[in-house]
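Breakdown of the fold
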Amino acid sequence: QHDYCELDEGGSDVGKGVGNGVIHAALGGKDSITRYKIVSYTPCNHPMANGFITTVDLYPLTGRKHQLRRHLKMIGHPIVGDMRYSPYNTSEKEDIKRLSTECMDDITAEKNPHGLMCLWALEINFPHPVTKELVTAKIDEPGWYSELRAVYNST
């Protein structure tokens, strides 16, 4: 099990103020389910944001390729910085790269171009291969997410 935090554009219609929900949509002909929990809204003047960006915790219940990214695109709320599944034109892609890079340190931006996408695994649970006990690994949200929210809030 993986728990993800992401920022999406357009202030989630994902419930419009309702904090929890499920996206149930087939991907590649296979059943795919993602639970979500809205964590916060950040005012944003970027034209694609419809007034704000939303921080959402995602819980994939199935494991399809790019499931979270594809599900959010399907409901019209692409992940900030997702260059494959978001409808950015060339200038918008450059704008997102610039804003994201301003918030990350140079090493992160250089070595991890996918680091521009605001999708981050915060918790992973798996059975230990020998003892079979449940192992949980957790990290905090990247610090640059807060910086990015501040940059978006000021644009």
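Above: the structure in question.
Only a predicted model underlies this, so the values are computations on that prediction, with no experimental measurement involved. (Residues numbered from 1 in each chain as written. Predicted model: local features only at pLDDT ≥ 70, side-chain atom pairs only at ≥ 80, totals over all residues. Heavy atoms only, no water.)

Some thoughts on the overall build of the chain
Each helix and strand in the chain was counted, giving four helices and six strands. Ordered by position in the sequence, the α and β elements of the chain form the string β-β-β-β-α-α-α-β-β-α. Looking at the chain residue by residue over its 155 residues, the buried ones come to 45%. Across the chain, contacts joining residues at least 24 apart in sequence account for 61% of those joining residues at least 6 apart. Roughly 8,400 Å² of accessible area belongs to the chain as shown, and the carbon and sulfur atoms make up 53% of that amount. (Helix = DSSP H or I, 4+ residues; strand = E, 2+ residues; numbered from the N terminus. Buried < 20%, exposed > 50% of the residue type's maximum accessible area, 1.4 Å probe, protein only. Contact = heavy atoms within 4.5 Å. Areas by Shrake-Rupley, 256 points an atom, 1.4 Å probe, with all protein chains shown as cover.)

Here we look at the packing of aromatic side chains
Going through the model one piece at a time under the given rule, you end up with zero aromatic pairs. A cation sits over an aromatic face here: R35 above Y59, 4.6 Å from the ring centre. (Phe/Tyr/Trp six-rings, centres within 6.5 Å; stacked < 30°, edge-to-face > 60°. Lys NZ or Arg CZ within 6 Å of the ring centre and 35° of its normal.)

Here we look at unusual backbone geometry
Phi angles above zero are rare outside glycine, and H66 is one such case at about 55°. With respect to the helices, strands and loops of the structure, H66 is situated in the loop between strand 4 (52-60) and helix 1 (67-74).

Topic: the pairing of strand 6 (residues 134-138)
Strand direction decides the pairing type here: strand 5 (residues 119-127) and strand 6, joined by five bridges, are antiparallel. Paired with P127 across the two strands is L134, which belongs to strand 6. Between strand 5 and strand 6, which pair antiparallel and follow one another directly, the connecting turn spans six residues, one of which, K132, has a positive phi of 65°. (Pairing = 2+ DSSP bridges.)

A look at the pattern of salt bridges
Applying the stated criterion across every chain, the model contains two salt bridges. With a closest N to O distance of 2.8 Å, R69 and D82 form a salt bridge. Residue R69 is located in helix 1, and its partner D82 is located in the loop between helix 1 and helix 2 (90-103); the two are separated by 13 residues in the primary sequence. Accessibility expressed as a relative area gives 0% for D82, which makes it buried. (Salt bridge = Lys/Arg side-chain N within 4 Å of Asp/Glu carboxyl O.)

Topic: the side chain of H71
Take H71: it is sitting in helix 1. Once residues within four sequence positions are removed from consideration, H71 is found in contact with I23, A25, L27, S32, I33 and T34.

Some points on the environment of C118
Within the secondary structure, C118 sits in the loop between helix 3 (106-111) and strand 5. Counting along the chain gives 63 residues from C118 to T55, while the straight-line C-alpha distance between them is 9.5 Å.

Worth remembering: the numbers are spatial, not functional.
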